[in-house]
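Chain by chain, the residues run as shown.
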Amino acid sequence: MKRTAALASTARAVSYNMILQFSLRITTFALNGFILRYVSRELLGVVNVRLTLLYSTTIFLAKEAFDRACLSKGEKKRNWTHVINILWCTVPLAVICATILSIVWVYMLEQPTIGGYSLGVFCFALSSTIEMLAEPLFVVGQSFMFVKLKVVILGISQGTKCILTVILMVLYPSGGLINFCIAQIISSIAYAASYHLYFARYIETVQKKDDNFPLTKIRDIFPKRCPDKSFLDLELASLVWSFFKQSFLKQILTEGEKYVMTFLDVLSFGDQGVYDVINNLGSMAARFIFLPIEENIYLFFTQMITRGLKAEDQSQESLTLCAKLLSVVLKLVTLIGLIIVVFGYTNAYLALNLYGGLMLTEGNGPTLLRWYCVYVLILAINGTTEAFFFATMSKKEVDKYNQKMLLFSILFLISSWLLTSLIGSVGFILANCLNMTARIVHSAMFISSFFKNTNHRPLQKSMPTRTVLASLSLSFFITSISENTFCVVDSPTIHKLIHVVITAICLLSVLVCLFLTDKDFVNTVRQQIMRGRGASNIQEETKNKRS
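Everything numeric here is computed off the predicted structure, so don't read it as measured data.

Asker: When you look at helix H11 (residues 269–282) in this model, what are you seeing that I'm missing?
Answerer: It helps to recall that an α-helix has 3.6 residues per turn; residues three or four apart then point in one direction. With 14 residues, H11 should reach 20 Å at 1.5 Å per residue; the first-to-last C-alpha distance of 20 Å fits that figure. Burial runs high along H11: 13 of the 14 residues are buried.

See below:
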């Protein structure tokens with residue numbers, strides 16, 4: 001029953017997070033289109049690349065390792081006082097990281113000519129520290145499957161930032177960078193305050209009827225001493241340190257192109273702004289679909305698999321469920337990724353033309369977006385395989401993988417610099433593709449080794465059928481001809497509509513082929529969606545009865 005509930009909660013969390021990501025990406029997409037008409041490309045590059053990199057780096061370094069360590073299922077029962085204590089260490093760590101990075105950003109990097117840059121660095125660094133005040137409550141919410149909470153609070157935070165940015169741009173167009181700073185700070189305050197207000201209310205009302213919830217009074221939210229025990233769990237702290245070393249390298253790989261832009265000056269601030277717009281457009285599928293799936297199946301695997309144990313020593317019921325979910329999810333993301341490659345590649349010019357006009361279609365914009373579609377496919381497969389890998393490996397394997405991550409990081413940075421110097425911003429995408437492919441191979445080898453003494457072969461069952469692959473290949477051929485015929489410079493609107501209709505017919509044909517030739521897979525996905533909805537309804541009824 002517990003395993004079924006965890007799977008249902010995971011399916012439900014994926015659905016909610018996909019809706020959230022879709023809403024946020026659409027809002028950001030529209031916001032960028034609006035901002036392009038009010039700000040310069042240089043300001044967009046400074047905010048979306050330089051300052052956002054400062055913010056995301058601080059958040060990642062202060063948060064990622066603690067999330068992975070504290071959400072993992074250990075062999076011994078979890079002491080929540082120890083967990084809360086160690087999670088509050090994220091606040092001073094964020095202060096340290098933000099201070100060091102701010103000094104680097106202000107005194108060691110090329111300074112833009114835009115006014116208020118130093119204030120912008122301070123505000124974005126401060127906002128990252130403010131958000132860490134909610135980190136203990138974020139982990140508690142994730143651990144106890146508060147699947148809607150994360151969605152709602154992120155929606156409030158990001159919605160606040162987007163709306164404030166638009167309002168300030170309209171009312172004070174001369175504010176420039178100051179407008180972005182105000183919106184960033186207020187959105188971070190909204191994020192941290194929402195978590196504390198929610199759990200303060202939960203502890204005072206609903207929690208009194210839930211004996212399993214570890215926080216019984218508001219004081220439990222904050223660090224305190226454990227009777228007859230040390231303030232921190234040294235074993236948990238050691239695991240955090242292992243993940244921290246890995247997180248530092250992973251951040252370089254995740255935001256590698258922005259680090260190359262920032263520290264090596266391979267692109268001007270204006271070119272960085274254009275690249276970021278196209279990057280946001282190309283990554284919509286990755287953020288909207290694949291990231292929520294990766295986060296939530298990782299959470300599911302951590303609840304089902306005991307870290308460090310061999311497959312034959314795990315609960316066989318849990319192992320079977322994990323193997324099945326891994327193969328289904330891997331096939332799902334592969335199919336979605338292939339559809340993005342086929343139809344995104346042959347509609348790249350049209351998408352950029354409609355969104356940004358000549359500013360985006362001139363130069364290598366369409367080529368950049370086409371290669372990004374290929375990268376999205378590779379990114380989706382890597383996210384799924386690494387979710388299982390990170391949830392399963394032991395502390396010793398974590399330390400060993402840190403050394404390999406260092407090698408991946410060095411090769412990625414070198415390839416990014418070389419390829420960008422040779423072919424421009426497209427080199428960033430190609431370097432990412434090479435890096436992610438290497439990581440997929442590594443994760444696939446681990447998964448195969450993990451299941452070798454069992455009857456489960458999740459990787460072999462994750463490939464799409466040959467009929468579906470054939471329909472995708474034929475669709476690519478047809479839509480490529482259509483794009484070259486109807487989507488050229490100065491082509492009339494009717495020609496573009498014809499290409500859209502042809503694309504839609506080909507996409508529908510692929511989906512029909514999938515439903516007819518792989519019914520078991522389609523039914524499995526449908527069952528998980530329905531199970532997530534059913535569990536959501538039961539949870540709502542239970543909460544209503546308690547209230």
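Asker: Just to check I follow, could you spell out empty space enclosed by the protein for this structure?
Answerer: To find leftover empty space, a probe the size of one water molecule is rolled over the atoms. For the structure shown, the criterion picks out two cavities of 30 Å³ or more. Lining of the second largest cavity is provided by Leu 335, Ile 339, Val 468, Leu 472, Val 510, Leu 511 and Leu 514. Where the lining of the second largest cavity is concerned, the elements lending two or more residues are helix H13 (316–345), helix H19 (466–486) and helix H20 (493–517). Counting residues per element, the lining of the second largest cavity draws most heavily on H20, at three residues. For the lining of the second largest cavity, the class distribution of residues is seven nonpolar, no polar and no charged.

Asker: Help me understand the packing of aromatic side chains, please; the structure alone is not making it clear to me.
Answerer: Remark: the centre distance and the inter-plane angle together describe each pair of aromatic rings, the angle taken between the planes. Taken as a whole, this structure holds 18 aromatic pairs when the rule is applied. Consider the rings of Phe 450 and Phe 451, whose centres lie 5.2 Å apart with planes at 85°: the pair is edge-to-face. Taken individually, Phe 450 and Phe 451 each receive the classification buried, so the pair is uniform in this respect. Among the aromatic side chains, those forming a connected cluster through ring pairs are Phe 300, Phe 301, Phe 388, Phe 389, Phe 390, Phe 446, Phe 450 and Phe 451. Lying over the aromatic face of Phe 138, Lys 63 brings its terminal NZ or CZ to 3.5 Å of the ring centre. Note that Arg 370 overlies the ring of Tyr 345, its terminal NZ or CZ placed 5.9 Å from the centroid.

Asker: Looking at this structure, how should I read the environment of Gln 111?
Answerer: Take Gln 111: it is sitting in the loop between helix H4 (90–107) and helix H5 (117–131). Residue Gln 111 is classed as partly exposed on the basis of its relative accessible area, which comes to 36%. Note: C-alpha distance between Gln 111 and Val 46 (65 residues apart in sequence) is 9.8 Å. When neighbours within four sequence positions are excluded, Gln 111 is seen to be in contact with Trp 105, Val 106 and Tyr 117. From its side chain, Gln 111 meets the backbone oxygen of Trp 105 in a polar contact 3.4 Å long. At a separation of 2.6 Å, a polar atom in the side chain of Gln 111 contacts the main-chain carbonyl oxygen of Val 106.

Asker: So what exactly am I meant to see when it comes to a nonpolar patch on the surface here?
Answerer: There is a patch of nonpolar side chains on the surface, built from Phe 263, Leu 264, Leu 406, Ile 410, Ile 414, Trp 417 and Leu 418 and spanning about 650 Å² of accessible area. Residue contributions to the nonpolar patch peak at five residues, all from helix H17 (residues 395–423). Locating Ile 410 in the fold gives a position in helix H17.

Asker: Looking at this structure, I do not really get the nonpolar core. What am I missing?
Answerer: The nonpolar side chains of soluble globular proteins are, as a tendency, buried together. One finds Trp 105, Tyr 195, Phe 199 and Phe 301 to be the most contacted residues of the largest nonpolar core, which totals 136 residues. Looking at this core, the element that brings in the most residues is helix H2 (residues 41–71), giving 17 residues. Beyond its immediate sequence surroundings of up to four residues, Phe 301 is in contact with Cys 322, Leu 325, Leu 326, Ala 387, Phe 388 and Ala 391. Counting residues in each nonpolar core, the second largest holds 16 residues, with Leu 335, Ile 339, Val 468 and Val 522 among its members.

Asker: How should I be thinking about the side chain of Thr 58 in this particular structure?
Answerer: Counting through the fold element by element, Thr 58 comes out in helix H2. Of the polar contacts made by the side chain of Thr 58, one reaches the backbone oxygen of Leu 54; its length is 3.0 Å. What Thr 58 contacts, discounting residues up to four positions off in sequence, is Ala 94, Cys 97, Ala 98, Leu 101 and Ser 128.

Asker: Would you mind showing me how to read the packing of helix H10 (residues 256–264) against H17 here?
Answerer: The relative placement of two packed helices comes down to the angle between their axes together with the axis-to-axis distance. The geometry of H10 relative to H17 is characterised by a closest axis approach of 10 Å and an angle of 60° between their N-to-C directions. Judged on the interaxial angle alone, H17 and H10 are oblique. Crossing handedness for the pair H10 and H17: right-handed. Residue-level inspection shows Gly 256, Glu 257, Val 260 and Leu 264 of H10 in contact with H17, the latter providing Phe 412, Leu 413, Ser 416 and Trp 417. Taken together, the residues of the contact of H10 with H17 sort by class into five nonpolar, two polar and one charged.

Rules used throughout
- Residues numbered from 1 in each chain as written.
- Predicted model: local features only at pLDDT ≥ 70, side-chain atom pairs only at ≥ 80, totals over all residues.
- Heavy atoms only, no water.
- Helix = DSSP H or I, 4+ residues; strand = E, 2+ residues; numbered from the N terminus.
- Expected span 1.5 Å × (residues − 1).
- Buried < 20%, exposed > 50% of the residue type's maximum accessible area, 1.4 Å probe, protein only.
- 1 Å grid on protein atoms, 1.4 Å probe; cavity = no way out; pocket = protein on both sides within 12 Å on 5 of 7 lines; lining within 4 Å.
- Points joined across faces, edges and corners; volume = space filled by probe spheres on them.
- Nonpolar A, V, L, I, M, F, W, Y, C, P; charged D, E, K, R; others polar.
- Phe/Tyr/Trp six-rings, centres within 6.5 Å; stacked < 30°, edge-to-face > 60°.
- Lys NZ or Arg CZ within 6 Å of the ring centre and 35° of its normal.
- Contact = heavy atoms within 4.5 Å.
- Polar contact = N/O pair within 3.5 Å; in protein donor to acceptor, adjacent residues only side chain to side chain.
- Patch = residues over 30% accessible without salt bridge, like charges linked within 9 Å, V, L, I, M, F, W, Y side chains within 5 Å.
- Areas by Shrake-Rupley, 256 points an atom, 1.4 Å probe, with all protein chains shown as cover.
- Salt bridge = Lys/Arg side-chain N within 4 Å of Asp/Glu carboxyl O.
- Core = buried A, V, L, I, M, F, W, Y, C linked by side-chain atoms within 4.5 Å.
- Axes fitted to C-alpha atoms, helices over the stretch in contact; angles between N-to-C directions.
- Parallel < 35°, antiparallel > 145°, perpendicular 65-115°, else oblique.
- Left-handed = near helix turned anticlockwise from the far one by under 90°.

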